Amino acid sequence: MDPATLLFSTSHEWLHLDGDQATIGITDFAVEHLTDLVFVDLPEPGRALAAGEIFGEVESVKAVSDLYAPVTGEVTEINTALPDDLDALSEDPFGRGWMIRMTVSDATAAESLLNEIAYRTHCNAAGH
Amino acid sequence: MRNSLATELLFALSRPGRRAARFPDCDVPLQPLDELVPSQHLATADREKRPTLPELTEADVIRHFHNLSTLNMSVDTHFYPLGSCTMKYNPKRHERLAGLPGLVDLHPYQRINDQQGMLALLYDLQKMLAEISGLPAVSLQPAAGAQGEFAALLVASAWFRSRGESRSRVLFPSSAHGTNPASAAIAGFECLQLKEGTDGLVDLAELEQHLDENTAVFMITNPNTLGLFEQQIEEITEKVHAVGGLVYIDGANMNAIMGITRPGDFGGDMMHFNVHKTFTGPHGAGGPGAGPIAVREELSEFLPGPIVTSNLDDDGNPHFQLEDPPRSIGRVRSHFGNVGILVRGYCYLRTLGPDGVRDVARHAVLNANYLKSLICDLLPVPHGQHCMHEFVASAARLKEERDISAMDIAKRLLDFGFHAPTVYFPLVVPEAMMIEPTETESKRTMDAFAETIRTIAAEDPGFLHEAPHQTPVSRPDDVQAARHPVLSWTPEDGS
Amino acid sequence: MAYLFNTPDEIAAMLDAIGADSIDELFSQIPDRLQLDGPLDLPGGLSEPALEAHLRQLAAANSGTAARICLMGGGVYDHFIPAAVDEIASRGEFYTAYTPYQAEASQGSLQAFFEFQTLICQLTGMDISNASLYEAGTAVSEAVFMAMRVTRRHGRVVVLGSLHPEYQQVLETYLDNLECQLEIVATPNGFADVSIVSEALDDTTCCLVIQHPNFFGGLEDVAPLCQAAHDAGSLAVVCFDPLSLGLLKSPADCGADIAVAEGQALGIPAQYGGPFLGLLTCRKEFVRQMPGRLIGQTTDREGRDCYVLNLQAREQHIRREKATSNICTNQGLLALRATVYLALLGREGLNEVSQLCCRKAHYAAQRLAELPGIELMFDRPFFKEFTIRCRDGAKSVIDRAAAAGFDLGPTLARFPRLTASLGDAAAQETLLVAVTEQRTREEIDGLVDALATEPAKLSSQP
């Protein structure tokens, strides 16, 4: 997926919206910052999520980060290959490293998400 | 000189048919076992399906563990300036005394008249801890500091309930030990973490902003994890009390202040001691500890029990009993507590006496300040002029100028025969190195340690990134360990 | 003072380097009014010989297993401790080390704990063991918390009334401020009735807690009880006796999801109740919900096998309020003792000790029950411990045994919970007797003979 077509949260999730179908993952910046991920915990399909709700977590050797749903809806699919292919998160975070798909019931929250340029600016500011 | 044969895993050393422990022949009638226990309870008679413990001789076992022990650093063998852990010398007399018949082999359900010596000891320990803390009521039951925190938070909760109050929030500074929020969470409270001020101390305005009628407890470590005494502790405790909350003192750093000042005198309502830190219970490579708690009088009836009490018998001699406080939160573990460790703490306090207790704190603080003075030009200490028992230095400048991190220094120190300080905690200091020499180290040791830090700082960064070089193993692959956990040996994985 | 190192000259040089005039000056950050103006009210310091004399005097006022022959139970047993266990545990390199955070400087402890985890898995048949918890009561509580996380059920936990009453009390304390209800299924016959237990389990129940052998010494129908828990979608938590496993079915074979134990029997002295050793094991799919430390095997940069603290992100120092437990300090030294003990015992030794305990306990039970006025309280198979009912009252029997050089007990009247469930009269008449491999036929016969003689006039013991 081309990052230029995605929306970003300040908590480093990315969102791809196609009608009411959403795909969600975490950004290259987040993956690099967390260093050496060792575990990812994803929700069960069918779970209803509100925008801002924790849907899972990623773990490195000495840190844990929560994952936040950028929009409201229901989880339809998870990337079941990901737990055994964590390198996908560093090698292809916007593609093979996707985490969950959702059917969106309320996309209002997406309006406050950032485009790629704004997100990179945010990261640069936060990184220094 | 290393015997790597003997340090193979026990399971690789095992050979069928070897024996160490042997028991006397059975001297009661040899009835078939399935006449004693119905067969549905019995494990299969098939030897292959029974527990597959290794088969070794006693000499195999001794040689294995003796050689393993040489792969450790320890207080007995090395300077161990691990900040916040108080790695002081563990007096050998304590081991002998805690092992005396009558103490080491005393069954907890022995008749009360047959345990009077033990109860006398524990009663006096309660009294001594009350005196040191300035808080009159003590429960020796918690098994470790974290359990002391948990127990005290439940005491607070029960106290609020008894007053018809329901308060749900526990506050603590971000530099708090991880056990503070973890204990609050399992005790059923919500946690709120406060930002420190730039001076590394509690920010009064930040505290005040978050205090309200929902505040149950403010947990504070004093001296804090930066090794600084919270100078405004009276204002802090007054503000918490003003909204009806309680103040919990995490006693992890009592080594700095015992005999100098007392938590009860500066407004603490509850606290725990770490007997394995302050009072020399050996750390045992991760326990056992003991985490007695002391509380204000009005909280005493909620303490976990049993507590040792005393009255006079008909002849005017003290007679000791076990009692549960009237509105006790209940037990937090089975039996009395980690008594073996409490006995060591008692021996220590009886050896020190009041002057010795004070001397410990004075020399712990002197040593820390001295070591700080030796290295602070190289590893600046951002907070405080003088420190208490420990200080947090920063390798940030070395990292920027020479690409040498706190981790590099920590790992390289091992090559020189020094245990590493605590690194990357607390988070408020970048490239943190938390150093606590304790009072039981000499000037000469600290001089050598500081000299080694200088040597390391001048070494090639690339070489340091690969350190340690002389330890039994080099840096382990933590990522591999966590991604594909191997948590026990299995025959397939073995040779 | 015994443990300070620096001479007055050195102290002066140190103060000079610091730039302070006195040690007092270093304490200037503590407001004056908070500093004590005199010494604490503590007893004066003692020299080593004086301290030893004092401790010997205190120790002599207690009766340990060296004073009388011990047939006491209730979760603490007088099993034999081989000398090699004390020898290894008294190595300063082990007992004065800290938690092995610096793996390169701690391979000795880390490997020993990895071996501990493996031995406990071999013993129980379970997939994963952690590196120890405080003792059995907290291990039960941690197992229940773990079951809540695994099942995402927080409504209720069902516990058999035959679980050690102190473990019940600990669990009750741990649940104090939580929504989870503690349901205790009465066991008036000394063991649980599976159909009654099944009725207590519902779709909000996170787990069923079973002790086997139970507090009264009796064996539970563990497999059907585990099945009942599973039928309700709950986990089965089994609290076992490690030294029973050379004879009895393992927790894994019975269907346990989480198995916990008091490890005191594994080479740890009674020490008036602690420090002991909490064991916690589980199925591998629950590993990330486990409390406490886990040691993992990995490789170093040269590809050599080595050991590290693993999956630390579960723990309080990283996950803080979301940690799987607040435990930090565990029972490392006791885990080491258990490791050495099990290594010495080996496969055959385990079988032998289990069988000896079982045979001698049955001999003792049979002989005691022959005495007029003494009977077995429950008609139930047992392993090494059993409950007797004494017409003369439990306390009187304990006192008579003590006068003859034997320790029995505890009486069930010691536990308010049991007094409530069995009735005060019955509780006053009942006590536990535990027989380990250490007891000889001669000792058991001696006890029986002592109790058979008419009670002499004894000085009354409370």
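Residues numbered from 1 in each chain as written. Chains lettered and ligands numbered in written order. Predicted model: local features only at pLDDT ≥ 70, side-chain atom pairs only at ≥ 80, totals over all residues.

1. A word on the overall build of chain A
Consideration 1: Looking only at helices and strands, chain A has 3 helices and 9 strands in total.
Consideration 2: Written out in order from the N terminus, the α and β elements of chain A read β-β-β-α-β-β-β-β-β-α-β-α.
Consideration 3: A compact globule built from 128 residues would reach a C-alpha radius of gyration of about 14 Å, and chain A, at 13 Å, matches this within 12%.
Consideration 4: Counting the 128 residues in chain A, one finds 38% classified as buried.
Consideration 5: Once local pairs closer than 6 in sequence are excluded, the contacts in chain A between residues at least 24 apart make up 60%. (Helix = DSSP H or I, 4+ residues; strand = E, 2+ residues; numbered from the N terminus. Rg over C-alpha atoms; globule rule 2.2 N^0.38 Å. Buried ≥ 20, exposed ≤ 12 C-beta atoms within 10 Å, placed from the backbone. Contact = placed C-beta atoms within 7 Å.)

2. Describing the pairing of strand β8 (residues 307-312) of chain B
All names here are of chain B.
Consideration 1: Looking at chain direction, β8 and strand β9 (residues 318-323) are connected through 6 bridges and run antiparallel. When the sheet's bridge partners are listed, S310 is paired in β9 with F320.
Consideration 2: Counting the residues in the hairpin turn of β8 and β9 gives 5 residues, including G316, whose phi is positive at 80 degrees. (Pairing = 2+ DSSP bridges.)

3. A short note on the packing of helix α13 (residues 406-415) of chain B against helix α14 (residues 443-457) of chain B
All names here are of chain B.
Consideration 1: At their nearest, the axes of α13 and α14 sit 10 Å apart, and the two run at 120 degrees to each other. Judged on the interaxial angle alone, α14 and α13 are oblique. Along this stretch, α13 crosses α14, giving a crossing that reads as right-handed. Between α13 and α14, the residues in contact are I409, R412 and L413 and T452, I453 and I456, respectively.
Consideration 2: Each residue belonging to the contact of α13 with α14 can be placed in one class, and the counts come to 4 nonpolar, 1 polar and 1 charged. (Axes fitted to C-alpha atoms, helices over the stretch in contact; angles between N-to-C directions. Parallel < 35°, antiparallel > 145°, perpendicular 65-115°, else oblique. Left-handed = near helix turned anticlockwise from the far one by under 90°. Nonpolar A, V, L, I, M, F, W, Y, C, P; charged D, E, K, R; others polar.)

4. Structural notes on the packing of helix α11 (residues 339-375) of chain B against α14 of chain B
Residues and elements named next belong to chain B.
Consideration 1: Where α11 contacts α14, the two axes come as close as 9 Å, and the packing angle between them is 30 degrees. Relative to α14, α11 is oriented roughly parallel. Viewed along their axes, α11 and α14 form a crossing whose handedness is right-handed. Only K443, M446, F449, A450 and I453 of α14 make contact with α11, whose side of the interface consists of N367, Y370, L371, L374 and I375.
Consideration 2: Tallied by class, residues from the contact of α11 with α14 come to 8 nonpolar, 1 polar and 1 charged.

5. Considering the sheet that holds strand β7 (residues 63-68) of chain A
Residue and element names in this part refer to chain A.
Consideration 1: Here 3 strands make up an open sheet; going across it, the order is β4-β6-β7 and the pairing antiparallel. Taken across any chain shown, the strands that pair with only one partner, and hence form the sheet edges, are β4 (37-41) and β7. Direction aside, the axes of adjacent strands within the sheet are offset by 20 degrees on average.
Consideration 2: Taken together, the 6 bridges between strand β6 (residues 54-60) and β7 define a ladder with antiparallel strand orientation. Bridge pairing links I54 to Y68 in β7.

6. Examining the sheet that holds strand β3 (residues 190-194) of chain B
Residue and element names in this part refer to chain B.
Consideration 1: Read across the sheet, 7 strands follow the order β1-β7-β6-β5-β4-β2-β3 without closing on themselves; strand pairing throughout is mixed. Two strands lie at the open edges of the sheet, namely β1 (137-139) and β3, each paired on one side alone. Pairs of neighbouring strands in the sheet enclose a mean axial angle of 20 degrees, with direction left out of account.
Consideration 2: Where helix α5 (residues 116-133) meets the sheet, its contacts fall on β1, β6 (270-273) and β7 (293-295), and the angle it forms with β1 comes to roughly 125 degrees.

7. Things to note about unusual backbone geometry
Consideration 1: In the segment running from N222 of chain B into P223 of chain B, the intervening peptide bond is cis, with an omega of 0 degrees.
Consideration 2: If you trace the backbone, P223 of chain B turns up in the loop between β4 (215-221) and α9 (233-242).
Consideration 3: P410 of chain C follows G409 of chain C through a cis peptide bond whose omega is 5 degrees.
Consideration 4: Even without being a glycine, A285 of chain B presents a positive backbone phi close to 60 degrees.
Consideration 5: If you trace the backbone, A285 of chain B turns up in the loop between α10 (275-278) and β7.
Consideration 6: One non-glycine residue, R152 of chain C, adopts positive backbone phi at about 55 degrees.
Consideration 7: As for its position among the elements, R152 of chain C is in the loop between α7 (136-151) and β3 (156-160).

8. Focus on α7 of chain C
Residue and element names in this part refer to chain C.
Consideration 1: Over its 16 residues, α7 runs 22 Å from end to end, which matches the ideal 22 Å to within 8%, given 1.5 Å per residue.
Consideration 2: The element α7 is extensively covered by neighbouring structure, given that 13 of its 16 residues are classed as buried.
Consideration 3: R152 occupies a position one or two residues after α7 and carries a positive phi of about 55 degrees. (Expected span 1.5 Å × (residues − 1).)

9. Focus on the interface of chain C and chain B
Consideration 1: Taken together, the contact pairs 174 residues of chain C with 170 residues of chain B.
Consideration 2: Considering every element that reaches the side of chain C that touches chain B, the biggest residue donor is helix α13 (residues 332-369) of chain C, with 23 residues.
Consideration 3: Classifying every residue of the side of chain C that touches chain B by side-chain character gives 85 nonpolar, 58 polar and 31 charged.

10. Side note on the nonpolar core
Consideration 1: With 362 residues, the main nonpolar core has V155 of chain B together with V144, V209, V237 and V260 of chain C as its most contacted residues.
Consideration 2: Among the elements that line this core, the one with the most residues is α13 of chain C, at 21 residues.
Consideration 3: If sequence neighbours within four positions are ignored, V260 of chain C has contacts with A136, A139, V140, A143, V237, C239, G278, L279 and L280 of chain C. (Core = buried A, V, L, I, M, F, W, Y, C linked by C-beta atoms within 7 Å.)

11. Description of the interface of chain A and chain B
Consideration 1: Taken together, the contacts link 5 residues of chain A with 4 residues of chain B.
Consideration 2: A per-class count over the side of chain A that touches chain B returns 4 nonpolar, no polar and 1 charged.

12. Re the environment of D478 of chain B
Consideration 1: Considering the arrangement of structural elements, one finds D478 of chain B in helix α16 (residues 478-483).
Consideration 2: C-alpha of D478 of chain B to C-alpha of G251 of chain B: the two residues are 227 residues apart in sequence and 32 Å apart in space.
Consideration 3: D478 of chain B has contacts with V61 of chain A together with T298 and V308 of chain C, leaving out every residue within four places of it along the chain.

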